[in-house]
Amino acid sequence: MTEPTHTKNIREIELPQPTASPMVTAFGFTLMVAGIVTNWIVAIVGCVIMFVGIVKWFGQSNPESKEMPAVPAPKPTPIVPRVDGVAHLISDSGHRARLPLAIHPYSAGIVGGLLGGVVMALVAVGWSLAMHGSLWYTVNLLAGCMLSDFAEQTTEQLYAFQTAGIIVGVMIQLVMSVSVGLLYGVVMPLLPRLHLLFAAILIPLMWSGLTWASISVINPALSEHINWLWFVISQISFGIVTGWWIIRSEKVSTMQNWHYLERMGIDSPGVRKMGEAE
Amino acid sequence: MRLAGDSEVSTLETPIGPATGRPPFLSQLHEWVTTVDHKKLGSMYVVCGIIYMIIAGLEASMMRWQLAWPGQTVLTPEEFNRLFTMHGTTMVFFVGMPILLGSANIMIPLMIGARDLAFPRLNAFGFWLFLFGSILLYFSYFGGQGLYGMGSAPDVGWFAYAPLTERTYSRGHSTDYWILGIFVAGIGSTATGINFIATILGMRCRGMTLMKMPLFVWIMLVDAILIVIALPPLAAAQIMLLFDRLLGAHFFDAQAGGSALLWQNLFWFFGHPEVYILILPAFAYVTEIIPVFSRKVIFGYPLMVAATVAIGFISLGVWVHHMFSVGLSPLINAIFMASTMLVGVPTGIKMFNWTATMIGGKIRFDTPMLFSIGFLCQFLMGGLTGIFLATVPFDWQVSDSYFVVGHFHYVLFGGLIFGILAATFYWYPKVTGRMMSETLGKWQFWLLIIGFNMTFGAMHVSGLLGMPRRIYTYQTERGWDLWNLLTSIGVIFQIAAFTLFAINLLHSAFKGRRAGDDPWDAWTLEWSTTSPPPAHNFDEDPVVYSRRPLWDLKHPEDPDWKYE
C-alpha cells in the first residue's frame, strides 16, 4: 500500500446538456396511459408527444455534440491534517467483550436443577401440610397447568390424592426443574459477578413476576389459591440450591481461545491437537 | 482529492461570485425542468416526497379525527375507504420511494467520486415518470367517476385485493387510476434502479473496490437490485388486472375460473421486498450517521455487507407471511414462518453492529444522531412485533387488526421516517450549504417521539383487544375508546413536530448558518467538495485508499488503509 497521492488534474470536464426530452417523453407516456381511462384522443396526443420526445432524445444521444463544459464554481476548502491526534480504544482485559473461556458442565445444571426441584417441592409441600393439612394440595394446583378440569374443582377435591394430579404435577416439576437448571448452567458463566445473588434472588424474583403476570391464563386454579409469599420462598429455595450446586462444579474450557484450524480439527505440524494445552 | 496547500490545481476558471445575480424565475424554472444533474433531480425527488408526506399525513389525520371517539360522523364510510387507500399508496409509492431514490440520486455519485449517474437522461426520465404517475393517481379525485358516475379516488386499500378490484365490485375508473398511476411511477423507479446498479458497478473512482465502498452505497446497490426484481411482477399483475377490468379477462375472478389468491401472491411477491426496499435506505442513512457521531469506524464492515446482501436475498422469499390467514397448507405456512424469522438474523446483526459502533465512542447527540437512536429503538420494537407476527398461530389471532397497523408503522414510520429525518438533518447542509436549526430539530425529535409512540403504541393494544383495521367507526362498549383517543391525541404531537420540521426546512434554506464543506467532521467523499457541490461534483477525480478517505487525509499519521 502506498501513501495517498494527488490525482492528475482534469483539464476538460464535460457534463451532459440539460434537455427537456426525458420530461416530454415521460409526459407523453403518461398521457398515453391516461387515455385508457379518459378518451382515446388523449392517448393519441400522448403517443405523438412521446414520439417527439424520443426522437429528440435519440438526437441528443450523439456524444460528440451534446456535452457541455462544466461551469466554474467555488473551490472546496482544503482538507487540513489534524494536530489533535487519534485516540485508540484500549482493549480492557476485564471487560466482557467475548464469550466465556470456561463454562460449567451442562450436567451440573441438570443435577442442580433436579436438586433444586426437590428442595422447592419440599418447601411447597411443607407449606401445604402446615397451612392446609394436605400433602397433595400444591401438587394438584401445579397439575392444573395441564389438566384444565382442575380449575373447576372445589378446595376439598384439591386437598385429596388424585393419580392424574400426582403424575402430571411431578412431570411438570421434573421438566421445569431440569430445564431451568440447564438454563442456569448456561447463563451463569455469562454473568459478570455476584453469581449466587443472581441465581438465588434476582432470577427467582423475575420468574415470580412473570408468573404473577401470566398465571391467570396459564393456570386459573393456581391463580385462585396461590399464596405469593410461599411461592416466592419456594422459588428462592430452588435458586439457592441450584445456583450453589452449579457454582461448586469444576469449570470446563470452551474452544473460544482456540485457533480456527484447531476448531476444525485439522491435524498438521504446528497446529495443536484439539484441547491440548498450549 | 486535494490536500492542504494544494491551492492552484483546478483547471476551472474563476468562480462565479454572488455578484452574478439571480436569473429570472422562468429561467430558473427552465433550468430545473430540463436538468439532468443527479443532485437537482435528487432534490426534486425529495421535495416531492416531502410534499406527498404532508398530503398523506393530512389524510391520516382525518382518519384519526374520525376514529378519536366512537360513532363519529366526520367522514362517510366511502370517504374513509378512499383516505386509507390513498394514505397507504401515497406513503409507500410517493413518499418512501421518491425520498429513497432522491437521496441515493444525490449521494451515490458524490460518495463514489463520480460526476453523475451512468445515464443522466434516463435518470430524468425516471423522475418525471414518478411525478406524472403520482399526479395521475391523484387526478382520480377528479376523473375517477368515469362513465358510470361512480367512485372517486381509489378505495380498495394500498394492496388492492381481488376480487374487490374486479369490475363487479369496483365500478367507475378509480381502481384503474390506481393501477395506471403506480404502473407509470413503477417504470420510472425500475429505470432509476437500473441506473443505480450501472453507476455503482461501473463508475467508482480509482481505488474504490467493492469492499472499500461506503456502506450507504452497498445498501443502495442491494436496494436497487431488489427494485429491479420486485417491481416488474407488480407491473405484470397490474396489466393482468387491467385486462380483467377493461377487456373481460378473468385472471383474478374466482367465479370465472380465475384466482383471487393469484393476485395476493403476485402483489406480495412485490410487496414484501418493497418493505425492505423502503427500510434498507433507512439502514443506509443510520449506517453513515452513527459512526460519524460516535467518532468511531463502523463496527464489522464485512459483516454489515454480508447482512445487507442476506436481507436482500431472504426478503425475496418471505411474501407468504402476508397470507397466513388465507388457508394455505401447514407446510407452506411453516416454510414461510421459518424464512420470515430467518430475516431477523441479518437484521439483528445490523442492530448489534450499530450498537457496537456506539460503545466506547465519543457520542455527539446532535439532531441526526438523535433521530438515528430513535430509529434504533423504534425499529427494534417493530422488528420484535414482526417476529410475533411471523408466528403463524399469533398471526391468525391478530391478522387484519390494529396490532398489524401498529407493527408496520413502527417499522415504516419509526424506521423509515426517522431514518429520513436523520438523513435530512445530516445531509441538508451538503445539499443547501446551510445548517438546519438544532433547537427546532430537538424540539421536533421529542415531540415526534411522544406523538409517535402514543399513536402507534396504543394501536397494538386496540388490536389485541380485537379492533379490526379499515373500520370507519366503532361502538362504545367495545373497550377501544381510550386506546383510539390516545392514538388520535398522538397525532396532534406529530402534527406539531412536522410543522416545526417544515418551518426549519424553509427558514434554514434562507437564514440558516453557513455550513461549510464538512460541518460534521465526516469521512466520506461527499464532504470533500463544496456545499452545495458544483455541477461537476469534483474538480479532480478522487483516489481513495480506504473506506474513510477523508479520515486518511485528516489523520495521515494513522490512516485507515493501514488496517483494512
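These numbers come from a predicted model, not from an experiment.

K.L.:
I keep staring at the overall build of chain B and nothing clicks. Help me out?
P.N.:
Secondary structure summary: chain B contains 16 helices and zero strands in total. A compact globule built from 564 residues would reach a C-alpha radius of gyration of about 24 Å, and chain B, at 24 Å, matches this within 12%. Projected onto its principal axes, the C-alpha positions of chain B cover 75 × 50 × 40 Å. Burial statistics for chain B: of 564 residues in total, 55% are counted as buried. Contacts spanning at least 24 positions in sequence make up 81% of the contacts within chain B whose residues lie at least 6 apart.

K.L.:
Where do I start with the overall build of chain A in this structure?
P.N.:
Secondary structure assignment for chain A yields ten helices and four strands. Reading the helices (α) and strands (β) of chain A from amino to carboxyl end gives β-α-α-β-β-α-α-α-α-α-α-α-β-α. In chain A, which comprises 278 residues, the share counted as buried stands at 27%. In chain A, the share of contacts with a sequence separation of at least 24, taken over all contacts with a separation of at least 6, comes to 73%.

K.L.:
Explain helix α14 (residues 438–464) of chain B here, please?
P.N.:
The α-helix winds at 3.6 residues per turn, so residues separated by three or four positions along the chain end up facing the same way. Here α14(B) contains 27 residues, and its C-alpha end-to-end distance of 38 Å stays within 8% of the 39 Å for a straight helix at 1.5 Å per residue. Positive phi appears at B:G466, one or two residues downstream of α14(B), with a value of about 100°.

K.L.:
Help me understand the packing of helix α2 (residues 38–67) of chain B against helix α15 (residues 481–511) of chain B, please; the structure alone is not making it clear to me.
P.N.:
All names here are of chain B. The N-to-C vectors of α2 and α15 enclose an angle of 150°; their axes lie 9 Å apart at closest approach. The orientation of α2 with respect to α15, classified from their angle, is roughly antiparallel. Seen along the crossing, α2 lies across α15 with a hand that is left-handed. Counted together, G57, S61, R64, W65 and L67 of α2 and N484, T487, S488, V491, I495 and F498 of α15 form the full contact between these two elements.

K.L.:
What should I look at first to understand the domain arrangement of chain A in this one?
P.N.:
Partitioning chain A into domains gives domain 1 (14–68) and domain 2 (102–253). Centre-to-centre separation of domain 1 of chain A and domain 2 of chain A, based on C-alpha positions: 75 Å.

K.L.:
Looking at this structure, I do not really get the environment of B:S174. What am I missing?
P.N.:
With respect to the helices and strands, B:S174 occurs in helix α5 (residues 174–202). Between the alpha carbons of B:S174 and B:D155 there is a distance of 7.6 Å; along the sequence they are 19 residues apart.

K.L.:
What exactly am I supposed to notice about the packing of helix α4 (residues 120–143) of chain B against α5(B) here?
P.N.:
Angle between the axes and distance between the axes are the two parameters that describe a pair of packed helices. Residue and element names in this part refer to chain B. Two elements in contact, α4 and α5, have axes whose closest approach is 8 Å; the angle formed by their N-to-C orientations is 170°. When the axis of α4 is compared with that of α5, the two are roughly antiparallel. Regarding α4 and α5, the two cross each other, and that crossing is left-handed. In the contact of α4 with α5, the residues fall into 17 nonpolar, twelve polar and no charged.

K.L.:
Mind showing me how you'd approach the environment of B:G451 here?
P.N.:
Residue and element names in this part refer to chain B. For G451, the location among the structural elements is in helix α14. C-beta crowding within 10 Å serves as the criterion here: with 20 such atoms nearby, G451 is assigned to the buried category. Sequence separation between G451 and L486 is 35 residues; the distance between their C-alpha atoms is 9.4 Å. The residues contacting G451, other than those within four sequence positions of it, are G490, V491, F493, Q494 and A497.

K.L.:
What should I look at first to understand unusual backbone geometry in this one?
P.N.:
Most peptide bonds are trans, and most residues other than glycine sit at a negative phi. All names here are of chain B. Of note, the amide linkage connecting A162 to P163 takes the cis form, showing an omega dihedral of 5°. Residue position: P163 is located in the loop between α4 and α5. Following S531, the chain continues into P532 via a peptide bond in cis, with omega recorded as -5°. Its place among the elements puts P532 in the loop between α15 and α16 (549–554). If you check the backbone angles, D400 has positive phi at about 60° while not being a glycine. Of note, D400 is situated in the loop between α12 (392–398) and α13 (402–432). At N537, a position not held by glycine, the phi torsion is positive, near 70°.

K.L.:
What should I look at first to understand helix α9 (residues 330–342) of chain B in this one?
P.N.:
Residue and element names in this part refer to chain B. In this model, α9 (13 residues) spans 18 Å end to end at C-alpha, consistent with the 18 Å of a helix rising 1.5 Å per residue. Of the positions making up α9, those classed as buried are N333, F336, M337 and T340. Around the axis of α9, the buried residues are gathered within 110° of arc, so they sit on the same side. Exposed and oriented more than 90 degrees from the buried face of α9 are L331, A334 and A338. Residues of α9 that are buried in the fold lie against α11 (367–390) and α12.

K.L.:
Where do I start with the confidence of the model for chain B in this structure?
P.N.:
In regions of low pLDDT, the predicted coordinates are not meant to be interpreted in detail. Residues and elements named next belong to chain B. Confidence along chain B averages 92 in pLDDT terms, with 95% of residues attaining 70 or more. Note on residues 1–19: pLDDT is under 50 here. Beyond four places in sequence and across chains, it has 42 contacts. In the model output, the complex is listed with pTM 0.79 alongside ipTM 0.90.

K.L.:
In this structure, what is going on with the nonpolar core? I would like to understand it.
P.N.:
One recurring pattern in soluble globular proteins: nonpolar side chains tend to sit buried together. In this structure, B:L129, B:V184, B:V217, B:M220 and B:A422 are the most contacted members of the largest nonpolar core, which totals 180 residues. If one sorts the elements of this core by residue count, helix α7 (residues 260–294) of chain B sits on top with 21 residues. Leaving out residues up to four positions away in the same chain, B:L129 has contacts with A:A26, A:F29, B:V184, B:A185, B:I187 and B:G188.

K.L.:
Help me understand the confidence of the model for chain A, please; the structure alone is not making it clear to me.
P.N.:
Averaged over chain A, the pLDDT score is 82; the fraction of residues at 70 or greater is 85%. Here residues 1–8 of chain A is modelled with pLDDT under 50, and outside its nearest four sequence neighbours on either side it reaches 13 contacts, counting other chains as well.

K.L.:
What's the story with the environment of B:W527 in this structure? I'm lost.
P.N.:
Along the chain, B:W527 turns up in the loop between α15 and α16. If we skip the residues at most four places from it in the chain, B:W527 touches B:D517, B:D518, B:A522 and B:L550.

Quick notes on the rules
- Per chain, the residues get numbers from 1 upward, laid out in the order the sequence is written.
- A letter from A marks each chain and a number from 1 marks each ligand, given out in the order of writing.
- In keeping with the predicted nature of the model, local features appear solely for residues at pLDDT of at least 70, side-chain atom pairs appear and are counted solely at 80 or more, and the whole-chain, interface and lining totals rest on all residues.
- Runs of E in the DSSP output that reach at least two residues are strands. Runs of H or I that reach at least four are helices, and both are numbered from the N terminus.
- Computation of the radius of gyration draws on C-alpha atoms alone. For the globule rule, the value is 2.2 Å times the number of residues to the power 0.38.
- A residue is called partly exposed when the number of other C-beta atoms within 10 Å of its own lies between 12 and 20, exposed at 12 or fewer, and buried at 20 or more, with C-beta atoms placed from the backbone.
- Contacts are defined on C-beta atoms placed from the backbone: any two residues whose C-beta positions lie within 7 Å are in contact.
- Expected helix span is given by 1.5 Å per residue-to-residue step, counting one fewer step than there are residues.
- To define axes, lines are fitted to C-alpha atoms, for helices over the stretch in contact only, and angles between the resulting N-to-C directions are given on a 0 to 180 degree scale.
- Reported orientations rely on four angle classes, namely roughly parallel under 35 degrees, roughly antiparallel over 145, roughly perpendicular from 65 to 115, and oblique for the rest.
- Helix crossings get a hand from a simple test, with the near helix turned counterclockwise from the far one by less than a right angle marking a left-handed crossing and a clockwise turn marking a right-handed one.
- Throughout, the edges of the domains are those of an automatic or database domain assignment.
- All residues other than Ala, Val, Leu, Ile, Met, Phe, Trp, Tyr, Cys, Pro, Asp, Glu, Lys and Arg, Gly among them, are scored as polar; the first ten of these are nonpolar and the last four charged.
- Each C-beta atom gives one direction from the helix axis, and the arc is the one those directions make.
- pLDDT is defined as a per-residue confidence score from the predictor, taking values between 0 and 100.
- Only buried residues count toward a nonpolar core: Ala, Val, Leu, Ile, Met, Phe, Trp, Tyr and Cys, linked into one set through C-beta atoms within 7 Å.

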